[in-house]
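Each chain, written out:
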Amino acid sequence: MAEVAEKLTPEGEKQSIRDITVAAEAQTKSGDNFYLITQRWWHGWLEYVNQNQSSIVNDGSSSENHESVGSSALKRPSCINNSDLVDETVSKDSDMDIELHDTLVEGTDYILLPQEVWNQFSMWYGGGPVLARKVISTGLSQTELSVEVYPLRLQLHLMPKGVSSVIRISKKETIGKLHQRAYEIFDLNSKQVYIWDYFSLRKHALMSDMEKTLDDANIQMDQDILVEVVNSNIDDGMNSIRENGSVDNGNVAVVPSHSSVPISEAVSSSKYTSTNGNAELSHAQNLNTEKAYGPSGVSTRGSSCGLTGLLNLGNTCFMNSAIQCLVHTPEFARYFREDYHQEINRQNPLGMVGELALAFGDLLRKLWAPGRAPVAPRPFKAKLARFAPQFSGCSQHDSQELLAFLLDGLHEDLNRVKHKPYIKSKDADGRPDEEVADEYWANHIARNDSIIVDVCQGQFKSTLVCPLCSKVSVTFDPFMYLSLPLQPATTRNMTVTVFTCDGSALPAAWSVTVPKQGRCRDLIQALSNACSLQINEKLLLAEIRGHLIYRFLEDPLISLSSIKDDDHLTAYKISKVLKNTKFLQLIHRREEQGSGNAQSALGWKPYGTPLVSPISCDDTITRSDIQLLVHTMLSPMLRTTNLGAVTSRNVSMTTFDESHSARISEACADVNTADLRKGNGNSLKPVTLLKLPLQFVDENNACIDLTVGDDKVVKLSSSSMSILVFFDWSQKLLGSYDTSQIENLPEVCKYGHLGKKARNEPLSLYACLESFLREEPLVPEDMWYCPQCKERRQARKKLDLWRLPEVLVIHLKRFSYSRSVKHKLDTFVNFPIHDFDLTNYVASKSNTQRQIYELYSLTNHYGSMGSGHYTAHIKLLDENKWYNFDDSHISPINEEDVKSAAAYVLFYRKVNSDKCSVTNEST
C-alpha cells in the first residue's frame, strides 16, 4: 500500500486526509477509538503537504490561494515513530503493555487522530507503536465527547496478603468491571472478596453497586483500592464489614507494594473536542500549550529556591496561578516547611480530614526544594477533585473561586479548635464599638483558630439601618478577602495605523477613544477627526493578520467588540469621488533563509503591512501602469540618499487615477541605466524608472511577471474587488527604502505600554475600595429582618474595615453576570505596589499604627470569560525581584510591568510600622 501513497502528490495526501477527517469527526461517538501520533512527525507531514501553499489572502468576499515562488521541495516523511511518547522506564509488569509519559500535552507533544485517519497513515507510512484511546462522554449532561488519553491508574492492594498491582481502567467502566479485573489479577473467587474505595489508605465506601461507573463513584487518578479477602482463616479483626453494611473508617495497614510500577503523580485526561463540543475551550487549550519561550527564562533546575514551575495538566493554569501566590506567601512557606502535622484536625466535620492540608503542604515543599524540575501537581489536583468535584476534569475555572475554597479548606483542616463551642452573638445595644468588636472577634477565635486565620482574616464593621423605624444593628464579621467592584469602562482606546494611497505621506499610528460597545462607524469618525481627513477623502478600514489583509471592515455597523485588543488595524485614505474601482493590494515578501546555510532559501514569505491603492476599472491597465503606481505608493519610504530610483520625490508625478494618460513611456529599465533628465523650469522630460520585482496574480491564481512586456494589458478579475500584486524585496532594495514604517504595526490596545499619565487616569484601587465601602440599600432578594419592626426591610447597609490581616487578599470583580449574559471587565485598575495606605479606611481608632501594605504577588487573567489564561506575578522577597510564573515557565520581569489590565487577585503584606513611608503612591 505504501507504493500507492508514493504516487500521490503532497496535495493529494492532504486532500485525502482532510476528506477522511471531516467524514470521521462528523460521526464520532462514545466508544470510538482515537490514536495518538507524535507532534514531531505530524508537523513534518504538514510541512511536506503544505510546501507549495502560500498564505491565504481575504479581500472580504473570497479567499484566494497563490502559488509560492521559489519554494524548495521537502522530502516525504519516514515511517511513524511514536517512541518519544512512550515511557520505557515503567515496568512491563503493569496491566497495560504501553505506558505514556505522564507530562504529555495535546498540541505540544501529540495530536489525536480518528481511527480512519490513523488507518490511512498506517497504510501509507507504517510504523508505531499504536497508541489507541477511547472516546468517552463527559460534562454535566454527558453530551460532550473527549478522548481518555490517560485512563485511571489504580493501585490494587490485596489484603491480607499485602501484595499490590497497578492497573489502567477507564473511569467510564463499571464497578463490576473493576471487580472482574481484580478477580483475574489475583485469581480470586468473587464470593469471598469485598472491594473498598481506599482513598488515602482509609476505607471510605464499599464498592458494591456493580452498575455504577468509577466516575460516578468519584474514583480519582492514582487512587488506592482495597481488595479484601474474607474467609474463616482470616483474623476476625480484618473483617470490618458489618451486617448492616456500614463502613469502618479505621486505618488498615498495607504492606509496601511488591510491584516495581511507581505510584506517580496523577494524570489528567486530555480533551478532544468533537463536532458538538466546545470549540472555544479547545482553542483556549491550544493557546495555553502552543507558546514558544525563548532562552531568556529562568531555569527551574537551578539552585534558587522558590523558582519552580507547575506543569499545566490541561487548563489548570487557574489552579497553578493561585497555588504559586499561596506558596510564596512567606508565612505559609515557613509554616508548611516546618512540622505542621500536629495541627491537622481530622475530626472537623467541615474539613477534609486533613487530606487537603497534607497535599498542599507536600506540594509547597516540592516547590521550595532547590534544583527541582517543574512539578506536576497531580496528587494535589486529585485530592482537590475528591473534595471539590466542581474543579475536576480539564475545564477552565475561576482562579478566585479556587483560592476561596483553598483558604477555607486549609483553615478547617488546620483548625486548632477540635470541639467548637456554641456561642450566641449579642447585639451592641449601645455599647462602645471597640468592646463589641473585641467580643465578636474573641467568639470567632474560640471556634476558628488556624494559620489561615492568623495570616489572612480581618474584620468588618457592618451597620444596618431600618428605613422605617431607624433601628440600627451593628455586627462585626470576619473576612478572608475583599471582593472589590469595578466600574465598567464605557469607552475604549484603539490604535489604528493610517496609510495614504497616493504616496503623499508616511503611515502614522493614531490612538482614539471610542464607545466600548460602539460600531465601526464610531471608530472611522474618531480617526477622521484625529488625522484631519479632507472633505473629499474617506477611510477604508482593514484588519491585518499574518502580514496580509484578513478582511475589510466596510460595514459601518460591525461591532467594535469583535475587534480584540491584540488585533492590528489599518486605515487607507481614498478619494470619495472614485467610482467603478478596484483596490490594488501590494503584498510585501522577502526571501527567508535557512538557519544552517545562508545560501539555502526557504521561499518568499509575506512580511510588513500591505499597501492599498484604488484603480479605475474604466481604463485599460498595462504592466507599466502598475509599475508606476507602485513607485508612487512607495515614494515616501525612499531613502533621500538613494539616486538609483526616481519617484514623486524627484519628479512631479501625477496620480494614476487622476490622469491615466499621463504615462511615462520609457519606464521599467534596469536600475544601472536609470537616468533623469529635467529641462528648465517645471517641464518634465522622459524619465527612466527602476523596474520593481512585481508579480500580478491573475484570476486563475497564476503569477505574472510585471518586469517584462511593459505595454501588455493586465486583465483584472471580474469577480474580486482586490488586485493582488506581490513585491519581492531583495536585500539591495531594502537598502534603498526605509521599510521600518510598515514592519511593526501597533496592537489595537496594549495596556502594558501605557505612560504614567495614562495610568493615573483609569480607575484606582482606592476608588474601588471606596465604592465597596459606600453605603447602599440591600437588594430586594437579600432584605434584612428588622427585630424592632418584626418585618423584612430593605435596609441601608454600610461596611467599614475594622481589623486588617497581615496578608490582605483583594479580588477585583472582573466577571459580571446578568441573567444568561456573562461579561468580563477589562478595566485597567491602578493599584499601588508600595505604600498602599489603608489607615484612613479603618474605622477602629484603638490602633494608632499606620496600616501600610506592599504588593508581593498577584494573579492575572488574559482573554475572554469563556476561555483565557491565568498567570502569576510574584516578588521573591529575599531577592527583591519580580518574576512571571506562567505554568512551568518562569521569567524575570521589571516592577513597572507588574501593572496591567489583566490583574485579577492582589496579595498585599502589612509593612511594619517603623518601616512605613510617610508618602503614598500617587493614584
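Draft legend 1. Focus on the overall build of the protein chain. For the protein chain, the helix and strand inventory stands at 19 helices and 44 strands. Considering only intrachain contacts with a sequence separation of at least 6, the fraction spanning at least 24 residues in the protein chain is 72%. Accessible surface, the protein chain: about 43200 Å² in total, of which carbon and sulfur atoms supply 48%.

Draft legend 2. Summary view of the environment of Val807. Considering the arrangement of structural elements, one finds Val807 in strand E35 (residues 807-813). When its relative accessible area of 1% is taken as the criterion, Val807 is described as buried. The spatial distance from the C-alpha of Val807 to the C-alpha of Leu855 is 9.7 Å, given a sequence separation of 48 residues. Setting aside residues up to four positions removed in sequence, Val807 forms contacts with Thr329, Glu331, Val455, Cys456, Tyr856, Tyr908 and Arg909.

Draft legend 3. A look at the packing of helix H2 (residues 10-26) against helix H4 (residues 115-125). H4 packs onto H2 with a crossing angle of 155° between their chain directions and a minimal axis gap of 8 Å. Relative to H4, H2 is oriented roughly antiparallel. Contacts from Glu13, Ser16, Ile17, Ile20, Thr21 and Ala24 in H2 reach Glu116, Val117, Gln120, Phe121, Trp124 and Tyr125 in H4.

Draft legend 4. Structural detail: the nonpolar core. Counting 56 residues, the largest nonpolar core has Phe332 and Phe380 as the members making the most contacts within it. In terms of nonpolar packing, the next biggest core, distinct from the first, is built from 40 residues, Phe499, Ile574, Met637 and Ile742 among them.

Draft legend 5. How the structure looks around the pattern of salt bridges. Within this structure, the stated rule accounts for 29 salt bridges. A salt bridge links Arg803 to Asp438; its shortest N-O distance comes to 3.4 Å. A residue pair is termed long-range when its members are at least 10 positions apart, and Arg803 in strand E34 (residues 796-803) and Asp438 in helix H12 (residues 433-447) qualify at 365 residues. Judged by its relative accessible area of 25%, Arg803 falls in the partly exposed class. The residue Asp826 makes a salt bridge to Lys824 at a minimum N-O spacing of 3.6 Å. Given a relative accessible area of 26%, Asp826 falls into the partly exposed group. Ionic contacts of the salt-bridge type, sharing partners, join the residues Glu343, Arg416, Asp449 and Asp454 into one network.

Draft legend 6. Local environment of the pairing of E34. Bridge count for strand E14 (residues 458-465) against E34 is 7 bridges, and the pairing is antiparallel. Residue pairing for E34: Phe460 is matched across the bridge by Leu801. Pairing between strand E31 (residues 776-777) and E34: 2 bridges, direction antiparallel. Counterpart to Glu776 in the pairing with E34 is Lys797.

Draft legend 7. Just the side chain of Ser764, in detail. On the secondary structure map, Ser764 appears in strand E30 (residues 763-764). At 3.1 Å, the side chain of Ser764 forms a polar contact with the backbone nitrogen of Ala767.

Draft legend 8. Representation of the packing of helix H10 (residues 378-387) against helix H11 (residues 399-413) in the model. In the contact formed by H10 and H11, the axes pass within 12 Å of each other and the chain directions differ by 85°. Here H10 is positioned roughly perpendicular relative to H11, judged by the angle of their axes. Between H10, through Phe380, Leu384 and Phe387, and H11, the contact on the second element is made entirely by Leu402, Phe405 and Leu406. Of the residues in the contact of H10 with H11, the class split is 6 nonpolar, no polar and no charged.

Draft legend 9. Inspection of helix H8 (residues 330-337) at higher detail. The buried fraction of H8 amounts to 6 of the 8 residues, a majority that puts the element mostly inside the structure. Regarding H8, the residues found buried are Pro330, Glu331, Phe332, Ala333, Tyr335 and Phe336.

Draft legend 10. Fine view of the sheet that holds strand E10 (residues 163-169). Reading across the sheet, the 5 strands line up as E10-E9-E13-E11-E12 and stay open at both edges, with mixed pairing between neighbours. In this open sheet, the two edge strands, each paired with only one partner strand, are E10 and strand E12 (205-206). Sheet topology places strand E9 (residues 152-159) next to strand E13 (residues 224-229); 5 bridges connect them, and they run parallel. Each residue of the ladder has a partner; that of Met159, found in E13, is Glu228. Together, E9, E10, strand E11 (193-197) and E13 form the strand contacts of helix H5 (residues 175-186), whose direction differs from that of E10 by roughly 135°.

Draft legend 11. Layout of the confidence of the model for the protein chain. Confidence in the prediction of the protein chain, expressed as mean pLDDT, is 77, and 77% of residues score 70 or more. Note that residues 232-303 has pLDDT below 50 and, in this model, 159 contacts with residues that lie over four places away or in other chains. When the criterion is pLDDT under 50, residues 915-923 qualifies, and its contacts beyond four places in sequence or with other chains add up to 22 contacts.

Draft legend 12. Region of interest: the sheet that holds strand E17 (residues 491-500). In spatial order, the strands read E18-E17-E21-E19-E20; together these 5 strands make up an open sheet with mixed pairing. Edge positions in the open sheet fall to strand E18 (508-515) and strand E20 (548-552), since each of these has one partner strand only. On average, each strand axis in the sheet is tilted by 45° relative to the strand beside it, whichever way the strands run. Note: strand E19 (residues 537-545) against E20, 4 bridges, orientation antiparallel. Looking at E20, one finds that Ile544 is bridged to Ile549. Each of E17, E18, E19 and strand E21 (568-575) touches helix H14 (residues 520-530); the most contacted strand, E18, lies at about 130° to it.

Analysis parameters
- Numbers given for residues are sequential positions, taken from 1 along each chain in its written order.
- Given that the model is predicted, a residue must reach a pLDDT of at least 70 before its local features are reported, and side-chain atom pairs must reach 80 or more before they are shown or counted; all residues, however, enter totals for whole chains, interfaces and linings.
- With hydrogens and water stripped out, all remaining heavy atoms of the structure feed into the side-chain values.
- In DSSP terms, a helix is any run of H or I states spanning at least four residues, a strand is any run of E spanning at least two, and both are numbered starting from the N terminus.
- We call two residues in contact whenever any of their non-hydrogen atoms come within 4.5 Å of each other.
- In this description, accessible areas are obtained by the Shrake-Rupley approach with a 1.4 Å probe, and a residue is regarded as covered only by the protein chains that are shown.
- Only protein chains enter the accessibility calculation, which uses a 1.4 Å probe; a residue whose area is less than 20% of its type maximum is buried, one above 50% is exposed, and one in between is partly exposed.
- For helices, the fitted axis covers only the stretch in contact; all axes are lines through C-alpha atoms, and the angles between them, taken along N-to-C directions, range from 0 to 180 degrees.
- Any angle that is under 35 degrees is reported as roughly parallel, and any over 145 degrees as roughly antiparallel; angles of 65 to 115 degrees are reported as roughly perpendicular and all others as oblique.
- Note on terminology: a nonpolar core comprises buried Ala, Val, Leu, Ile, Met, Phe, Trp, Tyr and Cys residues joined through side-chain atoms within 4.5 Å.
- Every case where a carboxyl oxygen of Asp or Glu lies within 4 Å of a side-chain nitrogen of Lys or Arg is listed as a salt bridge.
- Here a strand pair is declared whenever DSSP counts at least two bridges between the two strands.
- Under the rule applied, a polar contact is a pair of N or O atoms within 3.5 Å (in protein, one hydrogen donor and one hydrogen acceptor; residues adjacent in sequence only if both atoms are side-chain atoms).
- When residues are grouped by polarity, Ala, Val, Leu, Ile, Met, Phe, Trp, Tyr, Cys and Pro land in nonpolar, Asp, Glu, Lys and Arg in charged, and all others, Gly among them, in polar.
- Known as pLDDT, the predictor's confidence for each residue is given on a scale from 0 to 100.

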